[in-house]
Amino acid sequence: MKVHQIRLPVPGTHAAAASARRDLAAAIRAWDAFLQPELLDTAELVVSELITNAVRHAGDDGPISAGAHLGDEGLRIEVVDTNTEIPEAGLPGTAAEAGRGLFLVASLADRYGFDPLPSGKRCWAEFEVSTTLSSAQTLPMQRS
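Here we summarise the structure given alongside this text. Since we're looking at a predicted model, the values are computed, not measured. (Residues numbered from 1 in each chain as written. Predicted model: local features only at pLDDT ≥ 70, side-chain atom pairs only at ≥ 80, totals over all residues. Heavy atoms only, no water.)

For the rest of this paragraph, the subject is the pairing of strand β3 (residues 74–81). Judged by how many residues are buried, β3 sits mostly within the fold: six of eight residues are covered. Between strand β2 (residues 65–71) and β3, which pair antiparallel in sequence order, lie two residues. Here β3 pairs with strand β5 (residues 120–127) via seven bridges, running antiparallel. What sits directly across from Arg76, in β5, is Glu126. (Buried < 20%, exposed > 50% of the residue type's maximum accessible area, 1.4 Å probe, protein only. Helix = DSSP H or I, 4+ residues; strand = E, 2+ residues; numbered from the N terminus. Pairing = 2+ DSSP bridges.)

The structure is reproduced here in structure tokens:
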């Protein structure tokens, strides 16, 4: 499988976060040679949640970057920010208007986690990727 990679700076504003979410999701969709539509939709949601959390909790603290890597080991989405607080995935009360993002990431990703860095943290989610042809792709039939 061909390796694809992208990294984008994310200014710490909600408008910039929305633009970065669209740009990163569009880049991942452009790599769709082996990515099923369901995985693309899921990856887009995870991108959105991780970038939104970084801007919400670290937007004023310094630079944020978002990236994705697709290779033989799968699809990895990661967001790096300068806030050293490690987030916890949990399910808030039914009346809460926020706080479900990491619960969604944990539910949707094959693996997810957080790596402390000297100047902040890296939040990531990984998805296994099948290298087989999708059901929408077919091989040409050979005539005998």
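Another aspect to go through is the pattern of salt bridges. Taken as a whole and assessed by the stated rule, the structure comprises 11 salt bridges. Between Arg7 and Glu78 there is a salt bridge, with the nearest N and O atoms lying 2.5 Å from each other. With a gap of 71 residues between them, Arg7 in strand β1 (residues 4–9) and Glu78 in strand β3 connect regions that are remote in the sequence. Lys121 is paired through a salt bridge with Asp81; the nearest N and O atoms lie 2.9 Å apart. Separated by 40 residues along the polypeptide, Lys121 in strand β5 and Asp81 in strand β3 bring together distant segments of the chain. In this structure, Lys121 and Asp81 share a single accessibility class: buried. Salt bridges linked by common partners bring Arg7, Arg76, Glu78, Arg111, Asp115, Arg122, Glu126 and Glu128 together as one network. (Salt bridge = Lys/Arg side-chain N within 4 Å of Asp/Glu carboxyl O.)

Let us now look at the packing of helix α1 (residues 14–30) against helix α2 (residues 37–58). For any two helices packed against each other, one specifies the crossing angle of their axes together with the interaxial distance. Interaxial distance between α1 and α2 falls to 9 Å at its minimum, and their mutual angle equals 155°. Considered as vectors, α1 and α2 are oriented roughly antiparallel to each other. Crossing hand, α1 versus α2: right-handed. Contacts between α1 and α2 involve His14, Ala17, Ala20, Arg21, Leu24, Ala25, Ile28 and Arg29 from the first element and Leu40, Asp41, Ala43, Glu44, Val47, Ser48, Ile51, Thr52 and Val55 from the second. In terms of residue class, the contact of α1 with α2 is built from 10 nonpolar, three polar and four charged. (Axes fitted to C-alpha atoms, helices over the stretch in contact; angles between N-to-C directions. Parallel < 35°, antiparallel > 145°, perpendicular 65-115°, else oblique. Left-handed = near helix turned anticlockwise from the far one by under 90°. Contact = heavy atoms within 4.5 Å. Nonpolar A, V, L, I, M, F, W, Y, C, P; charged D, E, K, R; others polar.)

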